[in-house]
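# Geometric and topological summary
Each chain is listed here by its residues.
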Amino acid sequence: MTTSLTRPHAPRTSPAIGSRRVRSVAPGLAVCAAGVVVAWCVHRLAGPVPMLTAALLLGIVAVNAGVLPEATRAGTRFAARTLMRAGVVLLGLQVSVSDIAGLGWGTIAMTLAVLLATLLGTTWLGRLMGLPHRLSLLVAAGCAICGASAVAAVDGVLGSRGGADGDREGDAATAVAVVMLCGTLAIAVLPLLGPLLGLSPYDQGRWVGASVHDVGQVVATATALGPAAVVPAIAVKLIRVATLAPVTTAIGLRARRGDASGVRRPPVVPIFLIAFVAMVVIRSVGAVPAHVLDDVSTGKDLLFAAALFGLGTAVRVRLLVRTGHRALLLGLTSWVLIAGVSYAGVLLTR
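Computed from a predicted structure; not experimentally measured.

## Observations regarding the environment of G87
By the element assignment, G87 lies in helix α3 (residues 73–91). Judged by its relative accessible area of 0%, G87 falls in the buried class. With 213 residues separating them in the primary sequence, G87 and K300 have C-alpha atoms 4.9 Å apart. Not counting residues within four places of it along the chain, the set of residues in contact with G87 comprises K300, L303 and F304.

## Focus on the packing of helix α5 (residues 105–128) against helix α16 (residues 325–348)
At their nearest, the axes of α5 and α16 sit 9 Å apart, and the two run at 155° to each other. Of the possible angle classes, the one that applies to α5 and α16 is roughly antiparallel. Relative to α16, α5 is oriented so that their crossing is right-handed. On α16, the residues that touch M110, V114, A117, T118, G121, T122, L125 and G126 of α5 are L330, T333, S334, L337, I338, V341, S342, G345 and V346. The residue inventory of the contact of α5 with α16, partitioned by class, reads 9 nonpolar, 8 polar and no charged.

## Focus: the pattern of salt bridges
The full count for this structure, using the stated rule, is 5 salt bridges. The closest approach of N and O atoms between R134 and D155, which form a salt bridge, is 2.5 Å. Remark: D155 occurs in helix α7 (residues 148–158) and R134 occurs in helix α6 (residues 133–146); sequence separation between them is 21 residues. Considered together, R134 and D155 belong to a single accessibility category, that of buried residues. Here K300 and D301 are joined by a salt bridge, their closest N and O atoms 2.9 Å apart.

## Side note on a nonpolar patch on the surface
A surface patch of nonpolar side chains, about 210 Å² in accessible area, is lined by L185, L328 and L332. Relative to the helices and strands, L328 is located in helix α16.

## Structural notes on the confidence of the model for the chain
On average, the chain scores 84 in pLDDT, and the residues at 70 or more come to 87%. Ranking the helices and strands of the chain by mean pLDDT puts α5 first, with 94, and helix α15 (residues 317–323) last, with 69. Taken as a whole, residues 1–11 scores under 50 in pLDDT and shows 0 contacts with residues more than four places along the chain or in a different chain. Every residue in residues 162–166 is under pLDDT 50, and counting partners more than four places away or in other chains gives 2 contacts.

## A look at the side chain of S136
Secondary-structure assignment places S136 in helix α6. With relative accessibility at 1%, the residue S136 sits in the buried group. Once you skip the residues sitting within four places of it in the chain, S136 turns out to touch T122, T123, G126, R127, L131 and L330.

## Regarding the environment of T333
Relative to the elements of secondary structure, T333 occurs in helix α16. Owing to a relative accessible area of 26%, T333 belongs among the partly exposed residues under this scheme. Sequence separation between T333 and T122 is 211 residues, and the spatial gap between their C-alpha atoms is 7.9 Å. The contacts of T333, once residues within four sequence positions are left out, are L125 and M129.

## A closer look at the packing of α6 against helix α11 (residues 227–242)
Angle between the axes and distance between the axes are the two parameters that describe a pair of packed helices. Running from N to C, α6 and α11 cross one another at 140°; their axes reach a closest spacing of 8 Å. One finds that α6 runs oblique with respect to α11. Across from C143, A144, I145 and C146 in α6, the residues of α11 making contact are K237, R240 and V241.

## Description of α3
The end-to-end C-alpha distance of α3, which contains 19 residues, comes to 26 Å, matching closely the 27 Å that a straight helix rising 1.5 Å per residue would cover. Looking at α3, one finds that the buried residues are G75, T76, A79, A80, L83, M84, G87, V88, V89 and L91.

About the thresholds
Residues numbered from 1 in each chain as written. Predicted model: local features only at pLDDT ≥ 70, side-chain atom pairs only at ≥ 80, totals over all residues. Heavy atoms only, no water. Helix = DSSP H or I, 4+ residues; strand = E, 2+ residues; numbered from the N terminus. Buried < 20%, exposed > 50% of the residue type's maximum accessible area, 1.4 Å probe, protein only. Contact = heavy atoms within 4.5 Å. Axes fitted to C-alpha atoms, helices over the stretch in contact; angles between N-to-C directions. Parallel < 35°, antiparallel > 145°, perpendicular 65-115°, else oblique. Left-handed = near helix turned anticlockwise from the far one by under 90°. Nonpolar A, V, L, I, M, F, W, Y, C, P; charged D, E, K, R; others polar. Salt bridge = Lys/Arg side-chain N within 4 Å of Asp/Glu carboxyl O. Patch = residues over 30% accessible without salt bridge, like charges linked within 9 Å, V, L, I, M, F, W, Y side chains within 5 Å. Areas by Shrake-Rupley, 256 points an atom, 1.4 Å probe, with all protein chains shown as cover. pLDDT = per-residue confidence, 0-100. Expected span 1.5 Å × (residues − 1).

In C-alpha coordinates:
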(Lines give C-alpha, C1' and ligand atoms only; values in the text may rest on other atoms or scores of the structure.)
Protein backbone atom coordinates (compact mmCIF):
# COMPACT_ATOMS: atom_id res chain seq x y z
CA MET A 1 0.00 0.00 0.00
CA THR A 2 1.35 3.38 -0.95
CA THR A 3 0.70 6.55 0.90
CA SER A 4 0.72 9.89 -0.86
CA LEU A 5 2.77 12.53 0.89
CA THR A 6 1.15 15.27 -1.14
CA ARG A 7 -1.05 17.49 1.02
CA PRO A 8 -4.44 18.36 -0.42
CA HIS A 9 -4.52 21.87 -1.75
CA ALA A 10 -6.79 24.32 0.08
CA PRO A 11 -9.20 26.05 -2.27
CA ARG A 12 -7.74 29.35 -3.36
CA THR A 13 -9.22 32.19 -5.29
CA SER A 14 -7.62 32.50 -8.68
CA PRO A 15 -6.32 35.97 -9.58
CA ALA A 16 -8.33 35.67 -12.78
CA ILE A 17 -11.51 35.04 -10.77
CA GLY A 18 -10.76 38.02 -8.55
CA SER A 19 -10.16 40.17 -11.61
CA ARG A 20 -13.46 39.09 -13.14
CA ARG A 21 -15.19 39.90 -9.85
CA VAL A 22 -13.76 43.41 -9.85
CA ARG A 23 -14.77 43.94 -13.47
CA SER A 24 -18.30 42.71 -12.76
CA VAL A 25 -18.94 45.15 -9.91
CA ALA A 26 -17.03 48.13 -11.32
CA PRO A 27 -19.84 49.55 -13.55
CA GLY A 28 -22.39 49.41 -10.73
CA LEU A 29 -20.01 50.95 -8.20
CA ALA A 30 -19.24 53.75 -10.65
CA VAL A 31 -22.96 54.44 -11.00
CA CYS A 32 -23.34 54.45 -7.20
CA ALA A 33 -20.45 56.92 -6.90
CA ALA A 34 -22.11 59.20 -9.44
CA GLY A 35 -25.37 58.89 -7.51
CA VAL A 36 -23.60 59.97 -4.31
CA VAL A 37 -22.23 63.08 -6.04
CA VAL A 38 -25.68 64.03 -7.34
CA ALA A 39 -27.26 63.33 -3.92
CA TRP A 40 -24.67 65.59 -2.26
CA CYS A 41 -25.49 68.35 -4.76
CA VAL A 42 -29.22 67.93 -4.10
CA HIS A 43 -28.59 68.21 -0.36
CA ARG A 44 -26.47 71.33 -0.80
CA LEU A 45 -29.13 72.97 -2.97
CA ALA A 46 -32.08 71.81 -0.86
CA GLY A 47 -30.78 71.64 2.71
CA PRO A 48 -33.89 70.02 4.27
CA VAL A 49 -33.40 66.99 1.99
CA PRO A 50 -30.80 64.68 3.64
CA MET A 51 -28.12 63.31 1.34
CA LEU A 52 -29.02 59.72 2.26
CA THR A 53 -32.68 60.20 1.38
CA ALA A 54 -31.70 61.86 -1.89
CA ALA A 55 -29.39 58.93 -2.73
CA LEU A 56 -32.16 56.39 -2.11
CA LEU A 57 -34.65 58.34 -4.23
CA LEU A 58 -32.12 58.77 -7.04
CA GLY A 59 -31.55 55.01 -7.13
CA ILE A 60 -35.29 54.41 -7.33
CA VAL A 61 -35.70 56.96 -10.12
CA ALA A 62 -32.71 55.65 -12.09
CA VAL A 63 -33.82 52.03 -12.17
CA ASN A 64 -37.48 52.78 -12.88
CA ALA A 65 -36.56 55.22 -15.65
CA GLY A 66 -34.70 52.37 -17.33
CA VAL A 67 -31.37 54.21 -17.56
CA LEU A 68 -29.31 51.57 -15.75
CA PRO A 69 -27.94 48.76 -17.94
CA GLU A 70 -27.95 45.20 -16.66
CA ALA A 71 -24.15 45.37 -16.33
CA THR A 72 -24.55 47.65 -13.30
CA ARG A 73 -26.64 45.21 -11.30
CA ALA A 74 -23.77 43.27 -9.70
CA GLY A 75 -22.13 46.47 -8.50
CA THR A 76 -25.31 48.02 -7.09
CA ARG A 77 -26.05 44.81 -5.19
CA PHE A 78 -22.49 44.81 -3.85
CA ALA A 79 -22.94 48.39 -2.67
CA ALA A 80 -26.30 47.65 -1.05
CA ARG A 81 -24.89 44.76 0.95
CA THR A 82 -21.15 45.21 1.50
CA LEU A 83 -20.85 49.01 1.60
CA MET A 84 -23.86 49.21 3.90
CA ARG A 85 -22.17 46.84 6.35
CA ALA A 86 -18.93 48.81 6.16
CA GLY A 87 -20.94 51.92 7.04
CA VAL A 88 -22.45 50.11 10.03
CA VAL A 89 -18.95 49.35 11.31
CA LEU A 90 -17.94 53.02 11.09
CA LEU A 91 -21.20 54.00 12.78
CA GLY A 92 -19.82 52.38 15.94
CA LEU A 93 -17.28 55.20 16.24
CA GLN A 94 -20.14 57.62 16.87
CA VAL A 95 -21.21 55.80 20.03
CA SER A 96 -19.53 56.69 23.32
CA VAL A 97 -20.63 54.92 26.50
CA SER A 98 -19.81 58.03 28.56
CA ASP A 99 -22.08 60.23 26.40
CA ILE A 100 -24.94 57.80 26.91
CA ALA A 101 -24.37 57.47 30.66
CA GLY A 102 -24.46 61.26 31.00
CA LEU A 103 -28.15 61.30 30.09
CA GLY A 104 -29.17 59.60 33.32
CA TRP A 105 -30.93 56.29 33.94
CA GLY A 106 -34.40 57.77 33.47
CA THR A 107 -33.74 58.82 29.87
CA ILE A 108 -31.89 55.58 29.11
CA ALA A 109 -34.77 53.46 30.45
CA MET A 110 -37.30 55.57 28.56
CA THR A 111 -35.42 55.17 25.28
CA LEU A 112 -35.08 51.40 25.68
CA ALA A 113 -38.79 51.09 26.52
CA VAL A 114 -39.73 53.09 23.42
CA LEU A 115 -37.44 50.91 21.29
CA LEU A 116 -38.96 47.69 22.61
CA ALA A 117 -42.54 48.96 22.24
CA THR A 118 -41.84 50.05 18.64
CA LEU A 119 -40.13 46.79 17.71
CA LEU A 120 -42.87 44.55 19.11
CA GLY A 121 -45.73 46.86 18.14
CA THR A 122 -44.61 47.24 14.53
CA THR A 123 -44.08 43.50 14.11
CA TRP A 124 -47.57 42.86 15.53
CA LEU A 125 -49.12 45.49 13.24
CA GLY A 126 -47.39 43.94 10.25
CA ARG A 127 -48.94 40.59 11.11
CA LEU A 128 -52.37 42.23 11.37
CA MET A 129 -51.87 43.77 7.92
CA GLY A 130 -50.97 40.40 6.43
CA LEU A 131 -47.38 41.34 5.61
CA PRO A 132 -44.62 38.69 5.56
CA HIS A 133 -42.95 38.35 8.95
CA ARG A 134 -39.53 39.11 7.48
CA LEU A 135 -40.63 42.40 5.92
CA SER A 136 -42.48 43.42 9.10
CA LEU A 137 -39.39 42.69 11.18
CA LEU A 138 -37.12 44.69 8.87
CA VAL A 139 -39.45 47.71 8.99
CA ALA A 140 -39.73 47.36 12.77
CA ALA A 141 -35.94 47.27 13.22
CA GLY A 142 -35.44 50.26 10.95
CA CYS A 143 -38.03 52.34 12.80
CA ALA A 144 -37.03 51.25 16.30
CA ILE A 145 -33.23 51.31 16.11
CA CYS A 146 -31.41 53.30 13.45
CA GLY A 147 -32.96 53.27 10.00
CA ALA A 148 -31.25 51.65 7.04
CA SER A 149 -28.27 50.37 9.05
CA ALA A 150 -30.61 48.40 11.33
CA VAL A 151 -32.43 46.96 8.30
CA ALA A 152 -29.07 45.80 6.92
CA ALA A 153 -28.01 44.28 10.25
CA VAL A 154 -31.24 42.35 10.79
CA ASP A 155 -31.29 41.24 7.15
CA GLY A 156 -27.80 39.85 7.73
CA VAL A 157 -28.86 37.55 10.59
CA LEU A 158 -32.13 36.37 9.03
CA GLY A 159 -30.34 34.74 6.09
CA SER A 160 -32.54 33.35 3.31
CA ARG A 161 -35.50 32.72 5.57
CA GLY A 162 -38.65 33.77 3.81
CA GLY A 163 -37.53 33.48 0.23
CA ALA A 164 -34.76 33.45 -2.33
CA ASP A 165 -32.05 36.04 -2.64
CA GLY A 166 -34.17 38.11 -4.98
CA ASP A 167 -36.98 38.22 -2.41
CA ARG A 168 -34.45 39.11 0.29
CA GLU A 169 -33.20 42.01 -1.76
CA GLY A 170 -36.74 43.17 -2.45
CA ASP A 171 -37.74 42.98 1.22
CA ALA A 172 -34.68 44.92 2.35
CA ALA A 173 -35.12 47.54 -0.35
CA THR A 174 -38.80 48.00 0.46
CA ALA A 175 -38.09 48.26 4.18
CA VAL A 176 -35.33 50.84 3.67
CA ALA A 177 -37.49 52.90 1.30
CA VAL A 178 -40.38 52.93 3.78
CA VAL A 179 -38.20 53.75 6.80
CA MET A 180 -36.24 56.48 5.03
CA LEU A 181 -39.36 58.16 3.63
CA CYS A 182 -41.15 58.10 6.99
CA GLY A 183 -38.05 59.36 8.77
CA THR A 184 -37.80 62.23 6.30
CA LEU A 185 -41.40 63.12 7.10
CA ALA A 186 -40.31 63.68 10.71
CA ILE A 187 -37.91 66.43 9.61
CA ALA A 188 -40.87 68.49 8.43
CA VAL A 189 -43.41 67.55 11.12
CA LEU A 190 -41.64 67.33 14.50
CA PRO A 191 -40.17 70.88 14.52
CA LEU A 192 -43.73 72.16 14.11
CA LEU A 193 -45.24 69.93 16.80
CA GLY A 194 -42.56 70.26 19.51
CA PRO A 195 -43.35 73.84 20.61
CA LEU A 196 -47.10 73.22 20.32
CA LEU A 197 -46.87 70.26 22.70
CA GLY A 198 -45.30 72.32 25.46
CA LEU A 199 -41.85 70.76 25.42
CA SER A 200 -38.69 72.67 26.32
CA PRO A 201 -35.91 72.72 23.71
CA TYR A 202 -34.02 70.07 25.73
CA ASP A 203 -37.06 67.78 25.87
CA GLN A 204 -37.80 68.39 22.20
CA GLY A 205 -34.29 67.12 21.50
CA ARG A 206 -34.88 64.00 23.60
CA TRP A 207 -38.16 63.42 21.77
CA VAL A 208 -36.47 63.69 18.39
CA GLY A 209 -33.64 61.37 19.45
CA ALA A 210 -36.09 58.75 20.70
CA SER A 211 -38.43 58.83 17.71
CA VAL A 212 -36.64 59.74 14.46
CA HIS A 213 -35.22 56.79 12.54
CA ASP A 214 -31.83 57.65 11.02
CA VAL A 215 -28.91 59.48 12.67
CA GLY A 216 -28.73 62.03 9.86
CA GLN A 217 -32.46 62.65 10.09
CA VAL A 218 -32.13 63.19 13.85
CA VAL A 219 -29.44 65.82 13.30
CA ALA A 220 -31.51 67.57 10.61
CA THR A 221 -34.67 67.60 12.75
CA ALA A 222 -32.91 68.75 15.91
CA THR A 223 -31.06 71.49 14.03
CA ALA A 224 -34.40 72.87 12.88
CA LEU A 225 -35.48 73.03 16.56
CA GLY A 226 -32.43 75.04 17.64
CA PRO A 227 -28.99 74.50 19.22
CA ALA A 228 -30.39 73.49 22.64
CA ALA A 229 -32.09 70.45 21.08
CA VAL A 230 -29.13 69.07 19.12
CA VAL A 231 -26.98 67.57 21.91
CA PRO A 232 -29.78 65.70 23.76
CA ALA A 233 -31.20 64.50 20.42
CA ILE A 234 -27.91 62.97 19.31
CA ALA A 235 -27.17 61.50 22.74
CA VAL A 236 -30.58 59.80 22.97
CA LYS A 237 -30.24 58.56 19.41
CA LEU A 238 -26.89 56.99 20.27
CA ILE A 239 -28.61 54.87 22.92
CA ARG A 240 -30.70 53.36 20.15
CA VAL A 241 -27.66 52.90 17.93
CA ALA A 242 -25.83 51.17 20.79
CA THR A 243 -28.58 48.52 20.93
CA LEU A 244 -27.97 47.50 17.32
CA ALA A 245 -25.70 44.55 18.13
CA PRO A 246 -27.61 43.04 21.11
CA VAL A 247 -31.05 43.45 19.51
CA THR A 248 -29.87 42.01 16.19
CA THR A 249 -28.25 39.08 18.00
CA ALA A 250 -31.50 38.40 19.88
CA ILE A 251 -33.44 38.46 16.60
CA GLY A 252 -30.95 36.06 15.04
CA LEU A 253 -31.20 33.62 17.96
CA ARG A 254 -34.99 33.71 17.87
CA ALA A 255 -35.01 33.10 14.12
CA ARG A 256 -32.80 30.05 14.57
CA ARG A 257 -35.02 28.59 17.26
CA GLY A 258 -38.06 28.96 15.05
CA ASP A 259 -36.41 27.44 11.98
CA ALA A 260 -36.49 23.66 11.63
CA SER A 261 -35.69 23.62 7.92
CA GLY A 262 -32.05 22.66 8.39
CA VAL A 263 -31.01 25.30 5.86
CA ARG A 264 -27.57 26.73 6.54
CA ARG A 265 -27.96 30.10 8.23
CA PRO A 266 -25.56 33.01 8.66
CA PRO A 267 -23.77 33.52 11.98
CA VAL A 268 -25.91 34.79 14.85
CA VAL A 269 -23.43 37.65 15.24
CA PRO A 270 -22.01 38.53 11.81
CA ILE A 271 -18.44 39.80 11.61
CA PHE A 272 -19.55 43.32 10.77
CA LEU A 273 -21.55 43.52 14.02
CA ILE A 274 -18.54 42.32 16.01
CA ALA A 275 -16.54 45.05 14.29
CA PHE A 276 -19.29 47.56 15.18
CA VAL A 277 -18.96 46.66 18.87
CA ALA A 278 -15.18 46.94 18.61
CA MET A 279 -15.56 50.46 17.20
CA VAL A 280 -17.84 51.40 20.11
CA VAL A 281 -15.15 50.23 22.55
CA ILE A 282 -12.43 52.13 20.69
CA ARG A 283 -14.50 55.33 20.74
CA SER A 284 -15.42 54.89 24.40
CA VAL A 285 -11.79 54.61 25.56
CA GLY A 286 -10.86 57.75 23.63
CA ALA A 287 -8.41 56.06 21.30
CA VAL A 288 -9.44 58.07 18.24
CA PRO A 289 -8.66 61.81 17.91
CA ALA A 290 -11.57 64.18 17.29
CA HIS A 291 -10.40 65.22 13.81
CA VAL A 292 -10.20 61.58 12.77
CA LEU A 293 -13.74 61.01 14.03
CA ASP A 294 -14.93 63.84 11.77
CA ASP A 295 -13.28 62.21 8.75
CA VAL A 296 -14.71 58.82 9.70
CA SER A 297 -18.20 60.33 10.00
CA THR A 298 -17.87 61.74 6.48
CA GLY A 299 -16.69 58.37 5.17
CA LYS A 300 -19.58 56.63 6.89
CA ASP A 301 -22.08 58.98 5.24
CA LEU A 302 -20.54 58.38 1.82
CA LEU A 303 -20.69 54.60 2.28
CA PHE A 304 -24.32 54.79 3.40
CA ALA A 305 -25.21 57.06 0.48
CA ALA A 306 -23.67 54.65 -2.04
CA ALA A 307 -25.39 51.70 -0.34
CA LEU A 308 -28.76 53.44 -0.32
CA PHE A 309 -28.44 54.31 -4.00
CA GLY A 310 -27.75 50.62 -4.63
CA LEU A 311 -30.75 49.59 -2.52
CA GLY A 312 -32.88 52.10 -4.38
CA THR A 313 -32.13 50.29 -7.63
CA ALA A 314 -33.85 47.21 -6.18
CA VAL A 315 -37.14 49.10 -5.73
CA ARG A 316 -39.54 48.62 -8.63
CA VAL A 317 -42.21 51.30 -8.28
CA ARG A 318 -44.81 49.33 -10.21
CA LEU A 319 -44.41 46.38 -7.89
CA LEU A 320 -44.22 48.65 -4.83
CA VAL A 321 -47.48 50.35 -5.74
CA ARG A 322 -49.17 47.00 -6.29
CA THR A 323 -47.87 45.17 -3.22
CA GLY A 324 -45.96 47.70 -1.14
CA HIS A 325 -48.79 50.01 -0.07
CA ARG A 326 -49.29 47.89 3.06
CA ALA A 327 -45.59 48.21 3.89
CA LEU A 328 -45.87 51.99 3.52
CA LEU A 329 -48.93 51.99 5.77
CA LEU A 330 -47.00 49.91 8.29
CA GLY A 331 -44.13 52.40 8.21
CA LEU A 332 -46.45 55.37 8.75
CA THR A 333 -48.27 53.59 11.56
CA SER A 334 -44.98 52.67 13.19
CA TRP A 335 -43.83 56.27 12.89
CA VAL A 336 -46.97 57.47 14.69
CA LEU A 337 -46.45 54.74 17.30
CA ILE A 338 -42.84 55.65 18.08
CA ALA A 339 -43.61 59.39 18.10
CA GLY A 340 -46.52 58.91 20.51
CA VAL A 341 -44.81 56.49 22.88
CA SER A 342 -41.60 58.55 22.99
CA TYR A 343 -43.57 61.75 23.67
CA ALA A 344 -45.22 60.04 26.62
CA GLY A 345 -41.80 58.81 27.77
CA VAL A 346 -40.33 62.31 27.63
CA LEU A 347 -43.21 63.66 29.70
CA LEU A 348 -42.74 60.93 32.31
CA THR A 349 -39.00 61.56 32.66
CA ARG A 350 -38.95 65.38 32.75
